[in-house]
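Remarks on the overall topology
This is what each chain is made of:
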Protein chains: 4
Amino acid sequence: MYNLLKGKRGIIFGALDDMSIAWKVAEKAYDEGAIFTLSNTPTAIRFGQIDELGKKTKAEVIAADATSVKDLENVFKRSMEVLGGKIDFVLHSIGMSLNVRKKRVYSDLDYNFLDKTLDISAISFHKMLQVAYKLDAISEWGSVVALSYVAAQRTLYGYNDMADAKALLESIARSFGYIYGREKKIRVNTISQSPTMTTAGSGIKDLTGLMDFTERMSPLGNADAEECANYCMVMFSDLTKKVTMQNLFHDGGFSNMGMSMKAMSQYNKSLESDASLGD
Amino acid sequence: MYNLLKGKRGIIFGALDDMSIAWKVAEKAYDEGAIFTLSNTPTAIRFGQIDELGKKTKAEVIAADATSVKDLENVFKRSMEVLGGKIDFVLHSIGMSLNVRKKRVYSDLDYNFLDKTLDISAISFHKMLQVAYKLDAISEWGSVVALSYVAAQRTLYGYNDMADAKALLESIARSFGYIYGREKKIRVNTISQSPTMTTAGSGIKDLTGLMDFTERMSPLGNADAEECANYCMVMFSDLTKKVTMQNLFHDGGFSNMGMSMKAMSQYNKSLESDASLGD
Amino acid sequence: MYNLLKGKRGIIFGALDDMSIAWKVAEKAYDEGAIFTLSNTPTAIRFGQIDELGKKTKAEVIAADATSVKDLENVFKRSMEVLGGKIDFVLHSIGMSLNVRKKRVYSDLDYNFLDKTLDISAISFHKMLQVAYKLDAISEWGSVVALSYVAAQRTLYGYNDMADAKALLESIARSFGYIYGREKKIRVNTISQSPTMTTAGSGIKDLTGLMDFTERMSPLGNADAEECANYCMVMFSDLTKKVTMQNLFHDGGFSNMGMSMKAMSQYNKSLESDASLGD
Amino acid sequence: MYNLLKGKRGIIFGALDDMSIAWKVAEKAYDEGAIFTLSNTPTAIRFGQIDELGKKTKAEVIAADATSVKDLENVFKRSMEVLGGKIDFVLHSIGMSLNVRKKRVYSDLDYNFLDKTLDISAISFHKMLQVAYKLDAISEWGSVVALSYVAAQRTLYGYNDMADAKALLESIARSFGYIYGREKKIRVNTISQSPTMTTAGSGIKDLTGLMDFTERMSPLGNADAEECANYCMVMFSDLTKKVTMQNLFHDGGFSNMGMSMKAMSQYNKSLESDASLGD
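The structure displayed is predicted, hence computed values, not measured ones.

**A look at the interface of chain D and chain B**
- Contacts between the two partners involve 30 residues from chain D and, on the opposite side, 30 residues from chain B.
- Both sides of the chain D and chain B interface together cover about 2600 Å² of buried area, and 61% of this is carbon and sulfur.
- Looking only at chain D, the three residues that lose the most surface to chain B are D:Tyr157, D:Met259 and D:Tyr267, adding up to 23% of its buried area.
- The tally of links from chain D across to chain B stands at 0 salt bridges.
- Between the two partners, chain D and chain B, sit 16 residue pairs in polar contact (both at pLDDT 80 or more).
- Per-element accounting of the side of chain D that touches chain B gives the leading share, 11 residues, to helix 10 (residues 261-276) of chain D.
- Looking at the side of chain D that touches chain B residue by residue, the class counts come to 12 nonpolar, 11 polar and 7 charged.
- In the sheet, strand 9 (residues 257-259) of chain B pairs with strand 6 (residues 155-156) of chain D via 2 bridges, with the strands oriented parallel. Looking across to strand 6 of chain D, one finds that B:Met257 is bridged to D:Thr155.

**Remarks on helix 6 (residues 111-135) of chain B**
Residue and element names in this part refer to chain B.
- Remark: the principal bend of helix 6, roughly 50°, maps to Ile 123.
- Most of helix 6 is tucked away: 18 of the 25 residues are buried.
- With a side-chain oxygen lying 2.8 Å from the backbone nitrogen of Asn 112, the N-terminal cap of helix 6 falls on Asp 110.
- With its phi angle positive at about 50°, Asp 136 sits one or two positions after the end of helix 6.

**Structural notes on the confidence of the model for chain A**
- A residue-level look at chain A finds 97% of positions with pLDDT of 70 or above and a mean pLDDT of 95.
- The ipTM assigned to the predicted complex is 0.96, against a pTM of 0.97.

**A short note on the sheet that holds strand 1 (residues 9-13) of chain B**
Residues and elements named next belong to chain B.
- With respect to topology, 7 strands assemble into an open sheet ordered 3-2-1-4-5-7-8, the strand pairing being parallel. The strands lining the two open edges of the sheet, one partner per strand, are strand 3 (61-63) and strand 8 (247-250). Averaged over all pairs of adjacent strands, the angle between their axes in this sheet comes to 20°, without regard to strand direction.
- As paired strands, strand 2 (residues 35-40) and strand 3 are joined by 3 bridges and run parallel to one another. Looking at strand 3, one finds that Asn 40 is bridged to Ala 63.

**Regarding the pattern of salt bridges**
- With the rule as written, the count across this model stands at 56 salt bridges over all chains.
- Across the pair C:Asp108 and C:Arg104 runs a salt bridge, and its minimum N-O distance is 3.3 Å.
- Note on C:Arg104: relative accessible area 25%, which makes it partly exposed.
- It is possible to trace a salt-bridge network through shared partners that takes in A:Arg104, A:Asp108, A:Asp110 and B:Lys134.

**A look at the relation of the copies chain D and chain B**
- Between the two copies, chain D and chain B, the superposition gives an RMSD of 0.0 Å; the rotation angle is 180° and the shift along the axis is 0.0 Å. What the superposition gives is, in effect, a two-fold axis relating one chain to the other. Among all residues of chain D, the minimum C-alpha distance to the rotation axis is found for D:Ser270, at 2.1 Å.
- When the interface residues of chain D are mapped onto chain B, 100% of them are again interface residues, pointing to one common binding face.

**Notes on the sheet that holds strand 3 (residues 61-63) of chain D**
Residues and elements named next belong to chain D.
- The strand order across the open sheet formed by 7 strands is 3-2-1-4-5-7-8, and the pairing between neighbours is parallel. Edge positions in the sheet fall to strand 3 and strand 8 (247-250), since each has one partner strand and no second. Recorded for the sheet is a direction-independent mean angle of 20° between the axes of neighbouring strands.
- Alignment of strand 4 (residues 87-92) against strand 5 (residues 138-148), held across 5 bridges, turns out to be parallel. By the bridge assignment, Phe 89 is partnered in strand 5 with Ser 143.

**Remarks on the packing of aromatic side chains**
- Applying the stated criterion across every chain yields a total of 37 aromatic pairs over all chains.
- Both rings, one in B:Phe13 and one in B:Phe76, keep their centres 6.5 Å apart while their planes meet at 40°; by these two values the pair is tilted. Of this pair, B:Phe13 sits in strand 1 while B:Phe76 is found in helix 4 (residues 69-83), placing the two residues 63 residues apart along the sequence.
- Members of the aromatic cluster, connected to one another through ring pairs, are A:Phe213, A:Phe254, A:Tyr267, C:Phe213, C:Phe254 and C:Tyr267.
- Above the ring of D:Tyr111, the side-chain terminus of C:Lys127 is found at 5.2 Å from the ring centroid.

**Structural notes on the relation of the copies chain A and chain D**
- Of the transformation placing chain A onto chain D, the axial shift is 0.0 Å and the rotation is 180°, giving an RMSD of 0.0 Å.
- A shared binding surface is used by both copies, with 100% of the interface residues of chain A retained as interface residues in chain D.

**Details of the environment of C:Asp31**
- Looking at the secondary structure, you find C:Asp31 in helix 1 (residues 21-31).
- Judged by its relative accessible area of 41%, C:Asp31 falls in the partly exposed class.

**With respect to the interface of chain A and chain D**
- Tallying the contact residues gives 42 residues for chain A and 42 residues for chain D.
- At the boundary of chain A with chain D, total buried surface from both sides reaches about 3700 Å², with 63% on carbon and sulfur atoms.
- In this structure, the connection of chain A to chain D is made through 2 salt bridges.
- The closest approach of N and O atoms between D:Lys242 and A:Glu227, which form a salt bridge, is 3.0 Å.
- For the pair chain A and chain D, the number of links is 12 residue pairs in polar contact (both at pLDDT 80 or more).
- Broken down by secondary-structure element, the contributors of at least two residues to the side of chain A that touches chain D are helix 7 (161-184), helix 9 (225-236), strand 8 (247-250) and helix 10 (261-276) of chain A.
- With 5 residues, helix 7 of chain A is the single largest residue contributor to the side of chain A that touches chain D.
- Among the residues making up the side of chain A that touches chain D, the classes are represented as 17 nonpolar, 15 polar and 10 charged.

**Comments concerning the pairing of strand 7 (residues 187-193) of chain A**
All names here are of chain A.
- Most of strand 7 is tucked away: 7 of the 7 residues are buried.
- Residues Arg 187, Asn 189, Ile 191 and Gln 193 of strand 7 are buried on one face, and the alternating residues Val 188, Thr 190 and Ser 192, pointing to the opposite face, are buried as well.
- Of the strand pairs in this sheet, strand 5 (residues 138-148) and strand 7 are connected by 6 bridges, and their pairing is parallel. The residue of strand 7 that forms the bridge with Ala 146 is Thr 190.

**Description of the nonpolar core**
- Within the largest apolar cluster, 247 residues are counted, with the highest numbers of intra-cluster contacts made by A:Phe76, B:Phe76, C:Phe76 and D:Phe76.
- For B:Phe76, the residues in contact, after removing those within four places along its chain, are B:Ile11, B:Phe13, B:Ile87, B:Val90, B:Met128, B:Val131, B:Ala132, B:Leu135, B:Ala137 and B:Ile138.

**A short note on helix 4 (residues 69-83) of chain C**
Residue and element names in this part refer to chain C.
- In this model, helix 4 (15 residues) spans 21 Å end to end at C-alpha, consistent with the 21 Å of a helix rising 1.5 Å per residue.
- For helix 4, the set of buried residues is Leu 72, Val 75, Phe 76, Ser 79 and Leu 83. Summarising the axial view, the buried residues of helix 4 lie within an arc of 90°, below the 170-degree limit, and thus occupy one face. In helix 4, the exposed residues that point more than 90 degrees away from the buried face are Lys 70 and Glu 81.
- Each element contacted by the buried residues of helix 4 is listed here: strand 1 (9-13), strand 2 (35-40), strand 3 (61-63), strand 4 (87-92), helix 6 (111-135) and strand 5 (138-148).

Cut-offs applied
Residues numbered from 1 in each chain as written. Chains lettered and ligands numbered in written order. Predicted model: local features only at pLDDT ≥ 70, side-chain atom pairs only at ≥ 80, totals over all residues. Heavy atoms only, no water. Contact = heavy atoms within 4.5 Å. Buried area = accessible area lost by both parts, 1.4 Å probe. Salt bridge = Lys/Arg side-chain N within 4 Å of Asp/Glu carboxyl O. Polar contact = N/O pair within 3.5 Å; in protein donor to acceptor, adjacent residues only side chain to side chain. Helix = DSSP H or I, 4+ residues; strand = E, 2+ residues; numbered from the N terminus. Nonpolar A, V, L, I, M, F, W, Y, C, P; charged D, E, K, R; others polar. Pairing = 2+ DSSP bridges. Bend = angle between axes of the 7 residues up to and from the residue. Buried < 20%, exposed > 50% of the residue type's maximum accessible area, 1.4 Å probe, protein only. pLDDT = per-residue confidence, 0-100. Axes fitted to C-alpha atoms, helices over the stretch in contact; angles between N-to-C directions. Least-squares fit on C-alpha atoms with pLDDT ≥ 70 in both. Phe/Tyr/Trp six-rings, centres within 6.5 Å; stacked < 30°, edge-to-face > 60°. Lys NZ or Arg CZ within 6 Å of the ring centre and 35° of its normal. Core = buried A, V, L, I, M, F, W, Y, C linked by side-chain atoms within 4.5 Å. Expected span 1.5 Å × (residues − 1). Arc of directions from axis to C-beta.

Below is the structure:
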C-alpha cells in the first residue's frame, strides 16, 4: 500500500457483502490511510454484512435511503462530524431495477418501476451531489466516483432499463462535474466496470455466458472487484486532480474490442456444432 | 420533391408553430407524398397554430399528453384508423424542463420538476415505442426518429437538466431500437440538431451568443429547422433501412470541431478588448 | 427511384466487380439521374469488370493510381471535361493492405507495407480532396464520402493495419471536412459499413464467422452492398447538406450493441458443446 | 510521494527541456522510486538539456531516432542491460510536423512531410511496441503510455496534419494493446492532454488564444505538464492493471464540455465589442 489516501475523509455508498465493489473499495481505502463512513439502506444493512466491514475498517455505518434528500443530508452532516471535517472522496455504487427483478422485459416496462430504477440508480447521484454542494460538504479538489457499465453506450440483452439508468448516471456526472469543477474544483467521474459477479449483478440474465464472452473478448480479461477498488484509489488520490466529467472504462480492454481471436474461436465452435447437427 | 415518402403513413409529435422543427417535418412529409396525423398537448394545440398546419397538410390533429400511455394508445389507434393502416414513420419532437422555465439552476434542481423533465422529454419516447409495439402499430421497416441535442454528450452552460433528458432519450433509442429491430425490423434513431431558434428553444440561457459561437465553429454553419426536416425525410425513407440505434449529428460539423478559425478569431477580439481595457 | 441525383455529376472510385460497393453505388447513382465517371487502377480495370459497368451506366472509365497526385489531377480534369462542369459528389472506396495479403501479423508488420496500406487506403483520400480543392473541381454544397469500417474504433482480430488506415481515413475526413466546409460549403463524411463479402473483403481472416456473429448481433442484420449504395444516395443528395465531418454507421445497429439475444444464445451453444466434451 | 513505482524499470522517450511533459514524468518517476533510461534524438540531446535531467534522475541517456527500428532495438537492449531486467513502463512523448513548421496548411500539404509527420508522431509508436514485443523486453503487466491530444477526435484550426497523426497514434494504441494484452498482459493507453505550453507546442497557431479558451471552457482549467506526469504515474503503477486500449482525457473536463459560462461570457464580450464598433 502507498498511503495514497492518507489524511483523506470519505463516504462509501453501496457496500453489501464481500462480493460488493464498494466493500473492496472500503478495504483498500482503509489500507491506503483514509477514514470514512459507510452508507446503505436499512434493509441492506440488516441483510448484508456491512456492520462487519464497519468494524474492520473503523467506519461508522449510516443508514440512508439514497433517494431521500433528507437522509443524504444526514449522511453528509454526520460524516463530517464523525470524521472531523469536510469530505475528500465519495463513492456511489448503487443500482437496482424492479423491472429486472420482476422480469418485466424492456418492451413491457412498468413505468412506476422505471421511475424507481432511475431514482435509485441515477437521480440518487444528483441528490448526493446537490446535497453535498449545498452543505459545502466536499473539500476543494475532492473526488466523486460513481460506478457505471458499458450498457450506457451499448445495448446488452437483458440489461433492460438499467442501461438507461447508467446513461442518465453518466450524464449527471458530466453535468454536475461541470458545476462542481467550476465552483469548487471538485471532480466527478464514472468508472465503467467489467461485468462483475456481485450479489446485485447476479440478477442480470445470462451473466455467466456474458462473462465468459467478455473474458475472452478483453485482452486482459475481465476486471474484478478488487482491481476496480484499486482504480478507485487512484481516482480518489491527488494524482488525478485534473480528470473530470469522464467515463473511465475499467474492463481489460473490452470497450474498444470488436472481435478477439479467443472469442471468435469460441464462437466458431458453436457454428461447427450447428453444422455437425445439420442446423 | 422526390416522392420519398409516397404511400407512407406517419405520426408527427410536437409541432407548435411555424418555427417548430416538427412543423417543417410535416410540410416536407406532405410534399414527399406521405399522409400523417399530428399530435400535441391540448394546451399546445390551443395556443399554437397546429390546426392551420393540419389543414395545410390534410392531417388530423390528435390531442395527447405524451406522458400518458392511454393518450398515446389513442393516438396510434386513431392514426391507423384515419390513415388506413399501420404507421411507417414517427417523429418525437418533445422536450420541456420546468427547472429551466422556473430558473432553478442545475445545483438547485427541484426533483419533482426533474421527474417531469425526464417524463416529458425522454420517457415519453419509451411510452410511445412500447404502446406502438404492443399495438403492433408500426409496419415492418418503419422508422422512428426523436430529436436530440449535443448536450447529451457535452455539457453546455444553462442547458440544465435537459442535457440529462437528452442522454436518457438517446439511450432509450438504443435500447428500444435493439428490441424493435430484432422483432419487427423497425429502426429507431435520434437526430442531434444544431441549436435552433424555436419557440421552445428560446428559453435556453444565452442562446443568441451560443448560436453565434456554433455558427462560427461549424464549417457549414448551424443547420436550420428546414434542413433538419430534410434529414428526417431521408431517415423516414426506404434508403436508410439499415441505420438504427444511431445518434446522427445534423449540425454543420459542430460536434467534431475543437476550434475553428472563425470562432477563434472572434474569441480573440474579446481578449484584445480586455487588453485594451487593462483587464 | 426518386431522381435524387438528377443533374448531378460525380466520380466513383473503387468499383471492381459486381460485388463491390462502388459498383452498386454506380448503378444506383445512374438510376437516380446522375452522370459520372469511374476510376480504378489499371490493374483493377484489366482484371475487374469495370468496363462493363461503364457501358451500363454510360460512364467513362479513367485509369488512375489513387496515390498519385498527377493521376488524380487527371481524373478530376477529365471528369469535368466529360461531364461538362464541376463535380457534385465523389465516392472513395479504396483500401488494401499488403500486410494482410502477405499474412504479416500486426506484431510483425513490414513497415514498407504499412506505408503502402496508409497511402492507398487513407492518404489517397487526402490527395483526392487536396487535388479537387486546388482545381476548384467540386461544386458548392458538393458531397464527398469515403467508406470505412468499425475497426477504426474497435479492434477486430485479423483486421490488422487496415484498422489504423481506417482511423486515419476518418480523421482526414474530419480535418479536410472542416476546411472544405468553411471554404466551399462542401461536406465530407465516412460511412462505416457492416462487414461485406466483397472480393476485397474476402482477404480478412475468419470473415465468415465474423459475419455470422455481426449478423446475429445487429438487430437488423448486416447491411449489404446495395443498402450501402442507398445510403450513399442520400448522402450525395441535397437532403443532407448540413451533415459533415461525421462517421455514419450503416450496420444494422451493430456499432451500438454490447450483446444480443441471438449472438449470446449462439455463443452459449459453444459453451455447452465444451461442457459436453469435458473441456 | 508514494513509492508507486518502487522497483520498476522504465524508458522515457521525448524529454527535451524542463517544459517537456516527458521531463516532468522523469522527475516524478524518480521520486516514485523507479529507475529508467531516457531517449531522444541526437539533435534534441545536443540542443536540449536532457543530460542535466539524466544526472538529476540517475538515468542513462540513449540517443535514438524513434523512426529507426535499429535504434529502438538498441534503446530496449541497452535499457534492459543498464536497468538489470525487463522494462515495466514506457512513455512515448514524440510528435513533429514539418507541414506545421514550414507553414504548409492542411489543404496544401507536402506529402513527404506528411509521411514524416506520421512516421515520427505515430508509426514510431508501433515500431517501439513491435521492437519491444519481438525482444520480449516488457514485463508482464507492464504499462505503455503515449501522449495524445483531443485533435484526434475534434478538428482544431491550425493543428494541421498532427490531428491525423494523433488519430493514427490512438488507433495503434488500441490495435497493439489488443495483441500485447492478449499475449503478455501488457497494457497500452494514450493520455489526451490539455494544450500545454511546451517548446514543441509553441509551433501551433494561435496557441495563446486557444489556451485561454480551453482554460475558461474546462471546469478545472487546463491540466499542466506536472499534473500530466502525475497521471502517468498512476498509469504506470500496479493500480491500473486492467485499463488498456483507452484514450484517457486529462484536460480539466474540456473534452466533455460544449460551452461553459466563463467561455461564453468572454466570447460575448467580443460580440458586444463588434456591436459597439458597428460591425
